[in-house]
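Listed below, chain by chain, are the residues.
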Amino acid sequence: MPAYRAPRGTRDLLPQDQLAISRLRALGEELAQRYGYHPIATPLFERVEVFERGIGEITDVVEKELFLLAPRDEDGGERWALRPEPTAGIVRAYVQHGMHSWPQPVKVTTTAEMFRYDRPQAGRYRSFWQFDVEAIGDPGPAVDAEIIELADRFYRMAGLDRFTILLNSIGDPVCRPAYVAELTAYYRAHEAELPPTELARLERNPLRILDSKDESTAALNAAAPKVTDRLCDACAEHFAGVVAHLEALGVAYTLEPRLVRGLDYYTRTAFEVFPAGSSGQQSAIGGGGRYDCLVELLGGRPTPGIGFGLGLDRVLLALRDAGSSPEIDAPEPSPVAVVVGSEPGDTVSRLRVATELRAKGLAARAELGTRKLGKQLEAAARDGAHFAVIIGDELAGSHVQVRDLEAGTQRAVAVDDLPRELERATKTHRHGLVEAGPPLAAGEG
Ligand code: HAM
């Protein structure tokens with residue numbers, strides 16, 4: 001057992017996982033750009049107040065899951081926490097930089113690590129990746145549908161076909177208070193049936209009871225008043241607009257009147273995505289919604305907004321569970337060439353040749369050990385390289401041998417021509433296939 005391990009709830013992304021996450025990230029960045037979102041990055045940590053005001057003080061994320069940083073006297077007692085999600089920080093930046101005077105909506109995207117001091121379990125980490133987009137300054141409903149369609153496209157392009165988008169409207173400050181009061185009265189009438197955790201929620205944040213994992217509460221929830229039956233006219237019209245746009249785009253969704261989301265800033269549209277055959281919060285592969293009061297809460301003028309966060313770690317888990325991750329999990333491309341040498345100690349020449357190839361844009365590895373040529377060639381083949389560049393003493397160093405590792409043929413190439421030759425050869429060379437006109441087959445073997 002090693003003395004030091006990654007902290008509980010975190011994990012090292014070893015090359016295969018890191019490569020997969022990078023590919024999902026690249027896919028998100030490319031798609032977001034296609035939809036007109038611009039990259040943004042905010043600090044890894046913010047004043048605690050940004051999260052308290054933004055996400056809500058009586059939410060699990062703020063009450064229990066914030067990674068607080070130890071305060072230092074010289075910072076005047078400012079309290080900081082690692083970001084549990086990016087929306088509050090992005091909206092803080094929107095207000096700070098006066099983005100209300102930019103053309104609206106301001107559409108930004110980030111893919112970054114988030115931190116929640118959550119109880120670790122499968123798919124629930126204390127450090128995880130989110131692909132996030134935010135459109136600030138557009139009241140919708142068309143942009144709501146556009147954002148949901150973007151999420152849908154992301155999953156499909158990542159290779160996930162079977163997932164469900166749950167959709168709801170949770171009203172706004174006009175209609176929600178009356179609904180929450182009605183819901184509270186309903187649960188009060190059934191207090192005896194509520195377990196202690198839900199009773200505590202009843203006092204503090206009754207909407208969250210709708211999210212309960214407890215079985216007896218689920219039965220109670222099934223008969224609870226539905227928020228969608230209590231929307232004010234403006235919210236109902238907005239929701240109908242979202243649905244109509246989704247229908248027009250052919251995006252499949254399931255209406256779920258009990259969907260409430262775990263962050264307080266949401267108004268109206270709320271959605272959450274689950275892979276097929278799963279349920280429960282920790283399997284959600286993404287979620288989002290509208291936050292029409294958040295800019296104002298963080299000190300800006302009233303400005304509507306909407307966005308989503310997709311959990312890349314969970315998308316990867318879902319892809320692998322479904323056995324559908326070939327592209328995301330494809331191995332890294334092999335180096336074009338490995339530079340080896342007949343003189344085991346001459347690492348200078350090998351490194352110099354490899355450096356020149358890399359400077360010309362070719363992926364090359366140099367054998368930097370001092371083993372014999374035969375062993376160097378074996379390692380080159382194991383690397384999956386197409387070619388070995390063999391440095392000998394030919395013509396006082398002006399030529400090298402280039403060996404096609406698949407065909408086993410080789411020929412002399414002038415050092416000056418090497419980058420061009422390798423580039424030309426890789427264009428026609430298909431590793432593992434017999435070539436019609438092999439570029440390097442005419443060698444002395
Ligand atoms: P969220 O639902 O809290 O929303 O998180 C979004 C996604 O992040 C989840 O659906 C899940 O895939 C992933 N996620 C959350 N917690 C964990 C965890 N502990 N381990 C692994 N993955 C996790 C938000 O964060 C909002 N900021 C989304 C948003 C953007 N709404 C409007 N704009």
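Look up: the structure comes first, before these words.
Residues numbered from 1 in each chain as written. Predicted model: local features only at pLDDT ≥ 70, side-chain atom pairs only at ≥ 80, totals over all residues. Heavy atoms only, no water.

Overview of the site of the ligand
Reasoning step 1: By nearness alone, 27 residues border the ligand, and Glu-85, Tyr-125, Arg-261, Tyr-266 and Ala-284 come closest of all.
Reasoning step 2: In the environment of the ligand, a nitrogen atom lies 2.8 Å from a nitrogen or oxygen atom belonging to the backbone of Tyr-125.
Reasoning step 3: Note that a nitrogen atom of the ligand is positioned 2.6 Å from one of the side-chain N or O atoms of Tyr-266.
Reasoning step 4: Protein chains shield 96% of the accessible area of the ligand, which is 650 Å² for the free molecule. (Near = heavy atom within 4 Å. Polar contact = N/O pair within 3.5 Å; in protein donor to acceptor, adjacent residues only side chain to side chain. Areas by Shrake-Rupley, 256 points an atom, 1.4 Å probe, with all protein chains shown as cover.)

Topic: the packing of aromatic side chains
Reasoning step 1: Under the defined criterion, the tally for this structure stands at nine aromatic pairs.
Reasoning step 2: Look at Phe-131 and Phe-308: their rings are 5.5 Å apart centre to centre, the planes differ by 75°, and that puts the pair in the edge-to-face class. Within this pair, whereas Phe-131 is found in strand 6 (residues 127–136), its partner Phe-308 is found in strand 11 (residues 305–311), the two being separated by 177 residues in sequence.
Reasoning step 3: Judged by its relative accessible area of 1%, Phe-308 is buried.
Reasoning step 4: Members of the aromatic cluster, joined through ring pairs, are Phe-131, Phe-154, Tyr-155, Phe-163 and Phe-308. (Phe/Tyr/Trp six-rings, centres within 6.5 Å; stacked < 30°, edge-to-face > 60°. Helix = DSSP H or I, 4+ residues; strand = E, 2+ residues; numbered from the N terminus. Buried < 20%, exposed > 50% of the residue type's maximum accessible area, 1.4 Å probe, protein only.)

Concerning the sheet that holds strand 3 (residues 67–68)
Remark on secondary structure: sheet strands pair via backbone hydrogen bonds, oriented parallel or antiparallel.
Reasoning step 1: Overall, antiparallel pairing links the three strands, which are arranged 2-4-3 in an open sheet. The sheet terminates laterally at strand 2 (45–47) and strand 3, the two strands that pair on one side only.
Reasoning step 2: Of the pairings in the sheet, the one linking strand 2 to strand 4 (residues 80–82) comprises three bridges and is antiparallel in character. By the bridge assignment, Phe-45 is partnered in strand 4 with Leu-82.
Reasoning step 3: Sheet contacts for helix 2 (residues 48–55): strand 2, strand 3 and strand 4; angle to strand 2, the most-contacted strand, approximately 80°. (Pairing = 2+ DSSP bridges. Contact = heavy atoms within 4.5 Å. Axes fitted to C-alpha atoms, helices over the stretch in contact; angles between N-to-C directions.)

Structural notes on the packing of helix 1 (residues 15–34) against helix 5 (residues 142–158)
Reasoning step 1: Packing of helix 1 against helix 5 brings their axes to within 10 Å, and their N-to-C directions diverge by 140°. In terms of orientation, helix 1 and helix 5 fall into the oblique class. For helix 1 against helix 5, the interelement crossing comes out right-handed. For the pair helix 1 and helix 5, the contacting residues are Leu-24, Leu-27, Gly-28, Leu-31 and Arg-34 in the first and Leu-150, Arg-153, Phe-154, Met-157 and Ala-158 in the second.
Reasoning step 2: For the contact of helix 1 with helix 5, the class distribution of residues is seven nonpolar, one polar and two charged. (Parallel < 35°, antiparallel > 145°, perpendicular 65-115°, else oblique. Left-handed = near helix turned anticlockwise from the far one by under 90°. Nonpolar A, V, L, I, M, F, W, Y, C, P; charged D, E, K, R; others polar.)

Examining the pairing of strand 6
Reasoning step 1: Within strand 6, 10 of the 10 residues are buried, which leaves it mostly tucked inside the rest of the structure.
Reasoning step 2: Where burial is concerned, the two faces of strand 6 agree: the one with Ser-127, Trp-129, Phe-131, Val-133 and Ala-135 and the one with Phe-128, Gln-130, Asp-132, Glu-134 and Ile-136 are both buried.
Reasoning step 3: Where strand 5 (residues 106–115) meets strand 6, 10 bridges bridge the pair, whose relative direction is antiparallel. The residue of strand 6 that forms the bridge with Thr-111 is Phe-131.
Reasoning step 4: Both strand 6 and strand 11 contribute to a ladder of seven bridges, which runs antiparallel. Each residue of the ladder has a partner; that of Ile-136, found in strand 11, is Gly-305.

Quick word on the environment of Ala-337
Reasoning step 1: Here Ala-337 is to be found in strand 12 (residues 337–341).
Reasoning step 2: For Ala-337, a relative accessible area of 1% translates into the label buried.
Reasoning step 3: Distance in space between the C-alpha atoms of Ala-337 and Val-402 is 9.0 Å, their sequence separation being 65 residues.

Observations concerning the sheet that holds strand 5
Reasoning step 1: Strands sit in the order 1-5-6-11-10-9-7-8 across an open sheet of eight strands; the sheet is mixed. Sheet topology places strand 1 (38–39) and strand 8 (254–255) at the edges, where each strand pairs with a single neighbour.
Reasoning step 2: Across two bridges, the pairing between strand 7 (residues 163–169) and strand 8 is parallel. The residue bridging Leu-166 from the neighbouring strand is Thr-254, located in strand 8.
Reasoning step 3: Running over the sheet, helix 5 touches strand 5, strand 6, strand 7, strand 9 (267–275), strand 10 (286–290) and strand 11 and is turned about 15° from strand 11.

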